[in-house]
Structure formats: structure tokens, C-alpha cells
Amino acid sequence: MTEHGSHDVGIYYKVFGALLVFTVITVAVNRVHLAIPLAVTVALIIAVTKGSLVASFFMHLISESNQIYRVLVLTAIFFFFLMFLPLLGLFSTPAGTEHRSPLTPATHATAEGHH
Amino acid sequence: MQPIPIIGAYLSAANAPGGVMLPEFYNQLGAMHGTIMVFMGVVPLAVGGFGNFVMPLQIGAPDMAFPRINMASYWAYFVGGVVMLASFFLPGGAANSGWTSYVPLAVTATVGQTWWLLGMVLLITSSLLGSLNFIVTIFQLRAPGLTFMRLPIFVWLQLVTAYLLLLAFPPLEAAAVLQLMDRVAGTSFFLPSGLVVSGQILGNSGGGNPLLWQHLFWFLAHPEVYVLILPAMGIVAEVLANNIRKPLWGYKPVVYSAIFLGFMSFVVWAHHMFLTGMGTTMSAFFQTTTMIISIPSVVILTSLFLSLWGASIRFTTPMLFALAFLPMFGIGGLTGLPLGLAPTDIHLHDTYYVIGHFHYVVAPGTLFALFAGIYYWFPKATGRYMNELLGKIHFWGSFVCINIVFFPMFIQGLAGMNRRLYDGGIQYAHAQTAAKWNMPMGHAAFALWAFQLFFIFNFFWSIKKGRRSPSNAWDATTLEWAAAPSPPPHGNFPEPPVVYREAYEYSVPGHPRDFTPQNEPETKRDK
Amino acid sequence: MDIPYTVTARPDTGLYNGKLGIWLFLASEVMLFGALFSSYLLLRVGAEVWPRGETILNIPMAFLNTVILISSSVTMVLAWASLKMNQFQKARWCLIGTFLLASGFLVVKFFEYSEKFAHGLAPKTNTFLAIYFTLTGLHGLHVVGGMVVMAFLFGPGAKMWRVAPERYTNRVEITGLYWHFVDLVWIFLFPVLYLL
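Residues numbered from 1 in each chain as written. Chains lettered and ligands numbered in written order. Predicted model: local features only at pLDDT ≥ 70, side-chain atom pairs only at ≥ 80, totals over all residues. Heavy atoms only, no water.

### Thoughts on the interface of chain A and chain C
In plain terms, the rule: It only takes one pair of heavy atoms within 4.5 Å for two residues to be counted as in contact. Using a 1.4 Å probe, buried area is obtained as the accessible area two parts lose upon being combined, added over both of them. Salt-bridge detection follows one rule: a side-chain nitrogen of Lys or Arg within 4 Å of a carboxyl oxygen of Asp or Glu. In protein, a polar contact means a hydrogen-donor-capable atom and an acceptor-capable atom, both N or O and within 3.5 Å, with residues adjacent in sequence counting only if both atoms are side-chain atoms; elsewhere, any N or O pair within 3.5 Å suffices. Note on conventions: DSSP H or I runs of at least 4 residues are helices, E runs of at least 2 residues are strands, and numbering of each starts at the N terminus.
Facing 55 residues of chain A, the contacting portion of chain C comprises 54 residues. Carbon and sulfur atoms supply 77% of the area that chain A and chain C bury against each other, a total of about 4,800 Å² over both sides. Our enumeration of links across chain A and chain C arrives at one salt bridge. Taking the shortest distance from any N to any O, the salt bridge between glutamate 64 of chain A and lysine 19 of chain C comes out at 3.2 Å. For the pair chain A and chain C, the interface holds six residue pairs in polar contact (both at pLDDT 80 or more). Taken together, the elements giving at least two residues each to the side of chain A that touches chain C come down to helix H1 (10–31), helix H2 (36–58), helix H3 (66–91) and helix H4 (105–113) of chain A.

Pasting the structure below:
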């Protein structure tokens, strides 16, 4: 039981501090009201950084067995397919058709008025 | 329209007045047939049943890695099954929007659909718990010496299957939650703005996307097809290897193909959606991946076929079923190619051709493999053989009848007959000539049912009265036969087995017997 | 009959059964939330109008919840580290602390939800609120699930420390992995729903 007699817990506090700082940054950036594409990029970069910190240190992925890495790489690939292939369907449509906005704004307003 | 013979008289007047089914009732039967057979029949039997019994035995494990999770998985399945079946007694009956539950139809359907969704969430949870248990068991509990390349094919295919269940099922769970929200909380995830139902504008907020359901559903349901077929291929490989009395041809190609197949099955799903207004970029992508995924299936099937070359085959009942699997799955697979290519799919989509294709894969394909497995592992589970004569009657009867049931579907489908029409689309001119096949198909279906009675009788009779079998009933090499008694006791093995050789060492020159079990220590002859 | 590698790691995989099990479970959870994020993306890109979350949702409350969850992750990992250092009482208090922080998260969430409902904002109001309630609701259920396991570990399940300390430590580690994942999902939910 005492294989890690003096476990180094300092790293956890450091990660905690970093996570707090990043949370403050992401909220602060939001107050600047960047254009949507830039705001999304910045917010996602910060979220991915925070997520990596949690996964690497709290979940000890930084020193995990290869078996776990293999599972996660596989999951990441399928996650990627799942995220972006349906989106392709939204833009790849036969000429002259569109999946977006089936109604013109005017008729949309009347449909809204019904409830 | 004629009433259904015999059975029609016993259907309630509310569902089938005068023995002629109402469309609403037909739709329930169609939707629930698919759901029950896929999610409550084949997957639990092939994975939960055979996987759970045979896999730990084949890898020399005392049990599954998490016995209590196994139990939880079973009870989730049980409750999910009860919810599904109970839904028949709801007002409006069970789910009636097809086993695919396409939206918006499913969102506006009767309350049975809500129960279908709840049942699905439970069944998915069951599969999820089962699959992680399988993966952990295979990685962690293999007997000493049992390296991955010494695993029996069945274990390999169960491993790939478990990964598919683990990673493909959650999106359907998410989709089920979203559809549940649409039905119960009044959201519009799948409902477009201004949707008109029965002449009325539906009072929903709109902005949803019906195609989202199809994407999430087929993200599961295409890997699901491989969940249905891979364990079956595994069973066939085991039975075949044992009855040809020589090593399987191409062990490694089969293993690598299965892994590749599992991987690719996640990127082919939209070939079910060519008719949804898909652009050329997207349809080209999915046609390409679909053509690519047919290659590993062919490699596996070819390896099994080539294994037969020059073998002294024992035509036992399980072997007959396993042999029949090969051409039947071949027909099922090859007829799938035109469905994976958009130009032909546009003609064949939602016709009986699709039904014929899919049923060739899972009925004379998977089900025959499951029968092979039952006849093959029955002596392991009970210590007795099943009766060979009854088994052969069962096989030949089923083999002939099942082809009469499903083959005409290709002809009907090519003629343009639509699926999911309660009267078979008889009011359409193009169905007039093709519909005549319904009569022989119906008779063959009854006969097919009758031949299953031989199996049911054989099964229960053999438990009590069957010929006693030795613990290695088929002179097999794999651990479940070589190292465990029949039936296996709690803990499976009297002493933990150790593995010294590959899975299928049959007829090795210089050995005293024509099979060398995996747990037989190396001798000077091996060097 | 003993099942091998329930406590010690198998040499060739370097894992005990439970650890591989929980990671596989988390992999499937990634796909579950992945499907919901994918739905969010598809609905948002396909929408004519999509409100920025900050115009509807309460950012200070969500900020508070982010801090709460991050802190609970720290107490959770400290619980495991304390067990590794053989300090059972400290570990127990860390678990209780994690439990309390998780309850705090749910209390804040409760106030957030009731504020929305008080203003007549429900899942059926629009697709943004629909996905907001679905994602945060499902995440909340995960929080509740984690709390149940923690309550077991510092309550009746704590007896195991005396008979099988290594196994108990493993249980805390596995619970921790799950809990950090719940935290991780929130780290993505927060900007996606509230800020963008």
C-alpha cells in the first residue's frame, strides 16, 4: 500500500490553478464579443486545453498503459466521423436544393404565430 | 382481399376484422418484427448467449471479468424486452413506424413509440454493459500462453463485435433521448418548421432536422449489421475447422479482415440514405467506403470456402448448417452491392429486394450459423448430443423452405414492389405480376415454421434422452472441448489451462491423433 | 473461484480489470455525448437564427458551477492520492467534500432551471433551449450517478478499506476517472452552451 509513500500532490494544485485561470480567460474573452467564428475558435482552444489538463493529470492519462491509448484513439476517430460527416450532408446537396430553411422567413413568421 | 388462412380466425376483430389485417396492425407487426429479431433475438443470442458461454471457455477464463455487470446486463435486457412486448397492449398498440422509427412519423405516432424508445434505451444499456465486459474479459483473462494470434476465430470476432456495440450504440441512445424529448417534452429536434400533420400545422417550435435522426440511427444500425454477422462467421469458422479436420486456410487474413471490417463499418452508414437528397460529394464518399467494406467480407468468406479444399469433411448436422451459411451469406452479401451504389439503389430502395438481401444475410446466414452453434456446443452445455436424424430433417427442410421464402423477394423487388404496404401494393400495376409469388412464399413460410418443430422437439428431448457425449465431443482442439468437462462446472475448468499452440492444429503430421489440443504441451515431435 | 486481475494489474496490459472497464465505459460515454454535440452542431449550422447563449442563460451561475466542478475534481483526485499514502481519514473527508461540491453544483443548476421556467422558457420554446436542457439534464444525471457511488464509498462501502485496502483504492480511482469525465464534459458544455 505504501508503494507511493510520498505521493506528489503538488501537481494537482497547479492544475487546479491553471483550470481556474483558463475559466476566467474564456469568460473574459466572451465579454469582448468577438465575431462568431473567432469566438468559437478561441473558446474551443481553451476548452480543449482545459480538457487535456484534466485528462492528463487528474485522469493520469499522461502515464497510462498503451491499451487505454489504443481505445481512446479509436474512440477519437469515430467521434470525428460522427461530428463531421452528418454536417457534410447539410452542404453536399443536389444542385438547386438545400436542406436549410425549408420556409421563407415570411411563412415562418405565420407558422410561429400558431402557438 | 382473402383472409389469412387458419391464423386469421384467431386474430382479434379490432386488429383483423374477418381475418384481413388492418394497415395499422400490419405496421405494428412490421416494426416490432424488426426490433424484436434484431435487438431482442439475434444480438442477445449471438453475443449474450454464445459469446457469454463459449468465449470464456475458449480463452480459458473461469468466468466473465465482471459477473455482476453481466447480471445487470441481463436484467436490463429482460426489462427492456418486457417494455417492448408490453407495448402491444397499449391504446393504439405497439410502435408502428418501422424498426427504423423514422421521424417525423415516429414523433407523431401513437404512445407505443414512447415505450419503444424506453425499451431501446434499456436494450442499448444492456448491450453496452455486455460489450465492455467482453472486451475486458478477452484482454485480461486469457489463459497463460494464449496470445492474440492463438485465439480461436470466434473469440476474435466477438472482440470486434464488442467494440462495435460499445462505440456505435451510444449515438442511438442519444437519438432515442432526443426523440423521447420530442415526443414527451414537445421539443423539435427532428421536426422542421411548419410541419403539417393531417392538414393541421403542428404547434411545435420547429427548426429541427429529420435527417439528424437518420444519421444517428444508421450510425448505429450499420455497425449493427456487422454485430449480427460477425459472431455468426465466428461460429461457422469454429464448426468448419472442426469438421474439415485440417487448419483453417488464412487465419491471419480472416483476423485482419475482421478488424478492418469493424473499423470501416463506422463510415458507411449513409448508404442507407441515398434518397434523402444527398449531393454527389457525400454519395461518392459513402459509395466508395461501401465498396471498400465489401472486400474484407469477401476475404473472410473466401478463406472459409478455400478451407474446404482437399478436406475430409464430416457431414454432421452443425457442419451442414455451417456449409449452408457460406453460399447463403454469399447471396446476401453480393445482392447488397447494388444497394450500396446510388444509381441502382434509387431503383431498389424500399422494395422487397432490400428485404430479400437483408434476410439472406441474417436468416439463412446468421440464423443458420446460430443453429450450427447450437448443434455444435449442445454437448458442451448438456453432456449429450442432439439427435442427428432429426437435425438433418430440420436442416434440409429449413434450407429448402427458407430459399422459397426469400428468393422471390429479389424478383418482386426488381419489379418494383414496395415494402411496408399491408396489401403488398396490389393496387399498383407493376405489382400485379410480381404479387403472385406471395402465395408460394406464404406456404413456404408455414412449412419453414413446421420444420422448426423438429428442432424444438430435438432440443428438449436431447437434454434428457440424447446420446451421452465425452467431454471432447467432436475431437476438437480449442480449450472449451479440450480442457473443460461437459457441462462445465462453476469456474469452468478443474485447473486453469495453459496454452502451448495455435487454435486449429488438426491432422498435424507425426502426431498420434488427427487433432492436437491447444493445451497439449510441446513434445520433441513439434520441434 | 477467483477471477484473476481484479486487484493487481495484468503484466502484459498493465491494467486491472476495473480500470480497463471504466475506460471502455468512458469511451462509450464519449460517443454518447459526441452524438449530442454532433446534433447540436447540425441543428445550429442548419438554423436560420440561433441565439447566443449569453443572451438567454446566466453566465455568472455557470461560472460558479465550473469552479465548483473543477474543485470537486481536485478533492476527488486528492482522495485517491491520500489512500495511496495510507491516509484513510483524509481520503474519506475528501470524498465527502467531493459529494458536497457535487450537491452544490446541483443546487445552482436547480436555481438556474427554475429561473428559466419562471420566465416561461422551457425545452419546447426553441431548439436552443431544447438542446440546452437535454445536454445539461443528461450531464446532471451523470452528476447524480457519481454522487450515489461516492456516498457508497464514504458510507457503507468504506468497510472495505480494512479488509481489502488495495481494492478499495482501486474503487476510488475508478470513481475518480468517471468523475473527472463528468467534469470534462462540463468544461465543454460551458463555452458551447453559455458563451457561443
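### Here we look at the packing of helix H5 (residues 210–244) of chain B against helix H7 (residues 280–307) of chain B
Residue and element names in this part refer to chain B. Rules: Fitted lines through C-alpha atoms serve as axes, helices being fitted only where they are in contact, and the angles separating the N-to-C directions of these axes extend from 0 to 180 degrees. Put simply, angles under 35 degrees are roughly parallel, angles over 145 are roughly antiparallel, angles from 65 to 115 are roughly perpendicular, and the rest are oblique. Residue polarity follows a fixed list, in which Ala, Val, Leu, Ile, Met, Phe, Trp, Tyr, Cys and Pro are nonpolar, Asp, Glu, Lys and Arg are charged, and the others, Gly among them, are polar.
H7 packs onto H5 with a crossing angle of 10 degrees between their chain directions and a minimal axis gap of 10 Å. Classified by the angle between their axes, H5 and H7 sit roughly parallel to one another. Residues His215, Tyr226, Met233, Val236, Ala237, Leu240 and Ile244 of H5 pack against Met282, Ile293, Ile300, Leu304 and Ser307 of H7. Its residues assigned to classes, the contact of H5 with H7 comprises 10 nonpolar, two polar and no charged.

### Considering the interface of chain B and chain A
Each partner contributes to the interface: chain B provides 28 residues, whereas chain A provides 23 residues. For the chain B and chain A pair, buried surface summed over both sides reaches about 2,000 Å², with 79% attributable to carbon and sulfur atoms. Run the count over chain B and chain A and you get zero salt bridges. At the junction of chain B with chain A, the criterion picks out two residue pairs in polar contact (both at pLDDT 80 or more). Contributing elements (two or more residues each) for the side of chain B that touches chain A: helix H4 (153–185), H5 and H7 of chain B. Here the element with the most residues in the side of chain B that touches chain A is H7 of chain B; it accounts for five residues.

### A closer look at the side chain of histidine 139 of chain C
Secondary-structure assignment places histidine 139 of chain C in helix H5 (residues 127–154). Excluding residues that lie within four positions of it along the chain, histidine 139 of chain C makes contacts with Phe33, Leu69, Phe105, Val182, Val185, Trp186 and Leu189 of chain C.

### Some thoughts on helix H14 (residues 438–465) of chain B
Each α-helix turn comprises 3.6 residues. Residues three or four places apart therefore point the same way. Short version of the rule: Every helix has an expected span of 1.5 Å times one less than the residues it contains. The rule is simple: take the accessible area with a 1.4 Å probe, protein chains only, and divide by the maximum for that residue type; under 20% is buried, over 50% is exposed, in between is partly exposed.
For H14 of chain B, spanning 28 residues, the distance from its first C-alpha to its last is 40 Å, which sits close to the expected 40 Å at 1.5 Å a residue. Among all positions of H14 of chain B, only Met441, Ala444, Leu448, Gln452, Phe455, Asn458 and Ser462 of chain B are buried.

### Describing the side chain of lysine 380 of chain B
Residues and elements named next belong to chain B. Put simply, the rule reads: The sign given to each residue is positive for Lys and Arg and negative for Asp and Glu; His and the chain ends receive no count.
For lysine 380, the location among the structural elements is in helix H11 (residues 352–382). Buried charged residue lysine 380 carries no salt bridge. Nearest counter-charge: glutamate 480, at 7.6 Å. Residues contacting lysine 380, with those up to four places away along its chain left out, are Phe53, Leu57, Ser471, Glu480, Trp481, Ala484, Pro485, Ser486, Pro487 and Pro488.

### Digging into the nonpolar core
Applied cut-off: Grouping buried Ala, Val, Leu, Ile, Met, Phe, Trp, Tyr and Cys residues that are joined through side-chain atoms within 4.5 Å yields what is termed a nonpolar core. For each domain, the first and last residues come from an automatic or database assignment.
Phe325 of chain B together with Tyr168 of chain C are the most contacted members of the largest nonpolar core, which has 270 residues in total. Tallying contributions element by element places H5 of chain B first for this core, with 23 residues. A domain-level breakdown of this core finds at least three residues from each of domain 1 (6–59) and domain 2 (65–92) of chain A. When sequence neighbours within four positions are dropped, the list of residues in contact with tyrosine 168 of chain C reads Leu83, Phe88, Leu95, Leu153, Phe154, Gly157, Ala158, Met160 and Trp161 of chain C.

### Points about the pattern of salt bridges
Under the counting rule described, the total for this entry stands at 11 salt bridges over all chains. Among the salt bridges present, the one from aspartate 514 of chain B reaches arginine 245 of chain B, with a minimum N-O distance of 3.0 Å. Here arginine 245 of chain B lies in the loop between H5 and helix H6 (251–264) and aspartate 514 of chain B lies in the segment after helix H15 (479–482), a separation of 269 residues in the sequence. With a shortest N-O distance of 3.2 Å, lysine 19 of chain C and glutamate 173 of chain C are connected by a salt bridge. Taken together, the residues lysine 19 of chain C in helix H1 (residues 17–46) and glutamate 173 of chain C in helix H7 (residues 165–195) connect sequence positions 154 residues apart. By relative accessible area, glutamate 173 of chain C is classed as buried at 10%. If you follow the salt bridges from partner to partner, you end up with Glu64 of chain A together with Lys19 and Glu173 of chain C in one network.

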